[in-house]
Amino acid sequence: MDESAESRKRTHDEANAKQEKPNGANLRPAAAAAAAAAPSGGKEFDLDLLRIYYALLFPSEDIIKWLCCRHDPPDVRRVTTGEKIDPHFLAKREFSFTKYTDSGDEIYIRWQCYRKLESFRNALKFHNPVKIDIGAIYNREVDRKDSATGSFEPQQKELVFDIDMTDYDDVRSCCREANICLKCWNFMTVAVKVLDRLLRDDFDFHNLLFVYSGRRGIHCWVCDERARTMPRESRDAVPDYISIITGTDKMAKRVNFYKRDPPPIAKVALQVLEDDRWGWRKLMQQQKWFDKGSTHIDKLLQYLPTELHKELQRWITEDKKYSRFTSVELWQFLRDTVDKWGKVPRNEALKRQCLSAMSEVKVAYAFPRLDINVSKGFNHLLKAPFCVHPKTGRVCVPIDPEKAHLFDPTAVPTLRSLVDEVDSGESDAKMGPSKTSLDPYVDFFRTQFLSPLLKDTLETRMKIARKKSELTGDLSY
Amino acid sequence: MQANRGKASAAAAAGSAAQPAPPPVRKGVFISLYREFPDITLPVRDFKDYAIARLKVLKDIERIYSLDATDLDASDDADMSNYGQMVRQREDKVMKSLYEHGLAVEDPNGPLSTERAKECDEHSHFTLRLAFCESSEKQNWFVSQEVHMLKAKLGSSSAVTANFLLREGIRYHSMEWNDIPDGLRLDIYDVSPGKKDQRFYQVPWEAAASLVARRKVVLRRGVAFVAEEDLKTIIANRYRQFLLAQLKCLQNSRHIVEVHNDPRFGSFVKNLKNIYLGPDPSAFSPEEQHVERLTPHNIDKVVPRSFPPCMRRLMEGLRSERHLKHWGRLQIWLFLKGAGMSMEEELSYFKQNMTLKATAFDKEHAYHIKHIYGKVGHMKSKPPYGCAKLMSGDAPPNPGPGDYHGCPFKHFDPGPLSQLMRRYNVPDGSTKKILDLVKGHHYQLGCVEYFRATHPDSAADGVGNHPNAFYTESCKYWGAKSGDGKVKKEEGGPADMDVDQEGASSSSAPAAAAAAASAAPAGGDTH
Ligand code: SF4
Ligand SMILES: [Zn+2]
């Protein structure tokens, strides 16, 4: 991720220089050239298909409604409730595009903004971006960034999280780097479930959107009014609170509970890991960390208190000298041993220590690994949901955290498959999109995320207004 | 041990009778969030004296908190009480500075009246706001020293703190330890066994952000359960946010221009801000210290001899992998720049030493290096990272697998660290000392010990604060040894911007302003 942040900085100035005005001249040749020059990840991605996707399938209106937080632009329908709205709100939001130029170069254009849904749609048509990024909401319209006096500063932004499978490389036995399979996807399932519970139960956030990043990770958008308007200090505290894996690879333990019971945040993860559909047992079966001969056994030993360490070593070198064993068997042995010791009252402390160490192992191996720089501050832009990943052709669809364990990244609709569906259906462009396999995802976004979000936002605003009139003079929240 | 601590602070909170009944306010100390501007007119001379006095205190605070301002987030019991002790010691030092510079009254029978101290404290705060609102970097520096000051003033009595909260009109629900529901109490105990038996306050988690970030509180549905002894942190957070917001307001207000143009004190205010910033990285630049400049020609000789372990490791990483990850590159590039390498040299050196096609290098890294030297982008040269920043775990984050950045004293376990020390030819005795220091979280002192071990009979001045200070100090040392004439004698230290240098605390405003005007503006890395 830091790579992209860096290239972002680099291309910023170039991008500004190269920025084009949407006057539409010689669009066709440009598109053709770009399509030819673009890196094609098989046949799943293609700029001409992308153009059709934006025209017929991409849910622009839902995205704009979401990003406006009830401050809808004039061409978006909405139920009026007498709230005060900021007509410039949408224009204060930064968008940026990654696109291919005529000559096939990838360029990044920042500081785009729109006053109406219509102009956003036109921009998609004109730029045909391979990636749309969403940034912060500033104190004035983004296109007046350098014009007026006074500083131009971000004021609001959704709190976002980025979890990438490459950060799990040291605990993945099945794949490496950009590759994923259903086995390692299970790490993401656990991550979604844990993050979902922490954000809801600990921080009282409700309007969460989990999105498949199109390749090998997930994004999470926390969109509550409270989250969006948080000052920097509170904003940064959330990822810090959640990143419990602090150790480095030069340390024996990447997580340390100092022989005590696991802290509450770890307990949440441990509970999630209890479920055999995706939990610790399943992970061990999939990744085979502690199967006989695995290098992870040495790492495991480093976590254990001396007594248990010795006992496990004895088991491996004597009991199991000539036979194989699986991770699940090894773990069962640890649990049985600790249970047996725990029966003697004076071993109470030792038992606690052993259990604490075993929890450390679980957390170190399975707790969500966040890229916290993405979450901190206001500066990081994040890819919009429903973009298409240019390498895989897969659409970045929302994930229902309740059903995260049923999500299969290899089975999400791809650009090609969707356009084929449109072509084969008796669709009429004027009638709007025909039925495609993207519909359930758009529907989920609309009914399970967007509409509760808009409702909750209204409620929060009313509550704040009421509180303000009650407690005037308090500088607090 | 923990239980004792809990009892002790509970007793303090209740106002123990053993001492002459500590009053819920601190006599002679003006504790305030400075929400209202004082409505008094002052002679310009006082105005200036007050501002200088406060600036001196803030500089003292910076110094008090800079040494081993690293991770004090200790977790075992012994460290916990050490930590408490360290906090108290520092706060005492801050109080001493306040007394010394007339912002608070220590001896009620002394010459300084409480009213005068209050006037000084209050006025100087607002004057310095004018001086430090200009950029977010200066704002941050000012705010963090101010917050330390407030905390020191509140001291260790939770009664003073609780009373202060009431006075400020801040009310939270609270519960006695025994009234806390069982499950919750267990969680609280797990998070902070040492705070057992205290009263717990229910605070919106945003107000307790710094405690949340360190997982020092239990959260339930957005509510943080904060122990009485931590209320101070809540006030500090609030003050920080409030003050920062005020400074931002001021920064964008038109009146600030009027102030800066005022003939009576405009230039004084403008110059005040220039004397604040802590160790200016340019103060130990090779030119400033008259030592040999680092170049691609001498680098191979100099790395093992004069690079601090953090940088030496990065160079080794570069050698073996012919590549470094993002934070590693940034750390070493900035350091080399600080050690005197020119931009052209750095560009060509990395072009040669990284496995990348020349065109790819130009595309990916050249811009970044130029950026660091301030030749593109914001056009501002970026200062090298200091030790505290390298250890902070926050931009640069803690190193992960395959990373070479960070500080080995902080980021290595004892095993790998002692291996590293052996590889760097540190005698076993010194390694043992280093490991002990590191165990007590004194990472920077570990680095000082390393320096002493590899530079026998040296003073190790400035080492442990900044990798570039390590470098110049080492170059000076070896320069003197070989007597190659590269090292001239130091002439009374670098052009120091320290206000303390111009004499006793009663210096007159014009002199101080002149001193301020002549001080070099610093563009330092404050955190
Ligand atoms: S203490 Fe500072 S100079 Fe020494 S190794 Fe660590 S970061 Fe480098
Ligand atoms: Zn896999």
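Criteria and thresholds
- Residues numbered from 1 in each chain as written.
- Chains lettered and ligands numbered in written order.
- Predicted model: local features only at pLDDT ≥ 70, side-chain atom pairs only at ≥ 80, totals over all residues.
- Heavy atoms only, no water.
- UniProt positions renumbered as here; feature names shortened; annotations may be inferred.
- Helix = DSSP H or I, 4+ residues; strand = E, 2+ residues; numbered from the N terminus.
- Buried < 20%, exposed > 50% of the residue type's maximum accessible area, 1.4 Å probe, protein only.
- Polar contact = N/O pair within 3.5 Å; in protein donor to acceptor, adjacent residues only side chain to side chain.
- Donors = N, O, S within 2.8 Å, 3.2 Å for Na, K, Ca; no water.
- Tetrahedral: all angles 85-135°; square planar, octahedral: opposite > 155°, others 65-115°.
- Pairing = 2+ DSSP bridges.

- Labelled according to an unreviewed UniProt entry, chain B appears under the name DNA primase large subunit C-terminal domain-containing protein, originating from Vitrella brassicaformis.
- What the UniProt record of chain B gives under Sequence similarities (unreviewed entry) is the line "Belongs to the eukaryotic-type primase large subunit family."
- You can read under Cofactor (unreviewed entry) in the UniProt record for chain B the words "[4Fe-4S] cluster".

- Chain A is annotated in an unreviewed UniProt entry as DNA primase from Vitrella brassicaformis.
- The UniProt entry for chain A carries the following comment under Sequence similarities (unreviewed entry): "Belongs to the eukaryotic-type primase small subunit family."

## Side note on the environment of A:Thr317
All names here are of chain A.
Step number 1: Examined against the element boundaries, threonine 317 turns out to sit in helix 12 (residues 306-319).
Step number 2: Taking the relative accessible area as the measure of exposure, threonine 317 reaches 46% and is therefore partly exposed.
Step number 3: Residues threonine 317 and proline 440, spaced 123 residues apart in sequence, show a C-alpha to C-alpha distance of 54 Å.
Step number 4: Within the local environment of threonine 317, its side chain forms a polar contact with the backbone oxygen of glutamine 313, the two atoms lying 2.7 Å apart.

## A look at the coordination of the zinc ion (ligand 2)
All names here are of chain A.
Step number 1: Note on the zinc ion (ligand 2): its protein donors are Cys174 (SG), Cys175 (SG), Cys181 (SG) and Cys184 (SG). The metal-donor distances range over 2.2 to 2.3 Å.
Step number 2: Coordination at the zinc ion (ligand 2) is tetrahedral: its four donor atoms span angles of 102 to 119° at the metal.
Step number 3: Of note, the donors binding the zinc ion (ligand 2) are all from one chain and are spaced C-C-x5-C-x2-C.
Step number 4: Judged by its relative accessible area of 29%, cysteine 174 falls in the partly exposed class.
Step number 5: When its relative accessible area of 23% is taken as the criterion, cysteine 181 is described as partly exposed.

## A short note on the pairing of strand 5 (residues 159-164) of chain A
All names here are of chain A.
Step number 1: The buried fraction of strand 5 is high, at six of six residues.
Step number 2: Side chains of strand 5 alternate between two faces, with Leu159, Phe161 and Ile163 and Val160, Asp162 and Asp164 buried alike.
Step number 3: Two strands pair when backbone bridges link them, and strand 5 and strand 7 (residues 217-222) are joined in this way by six bridges, in the antiparallel orientation. Within strand 7, the residue paired with isoleucine 163 across the bridge is isoleucine 218.

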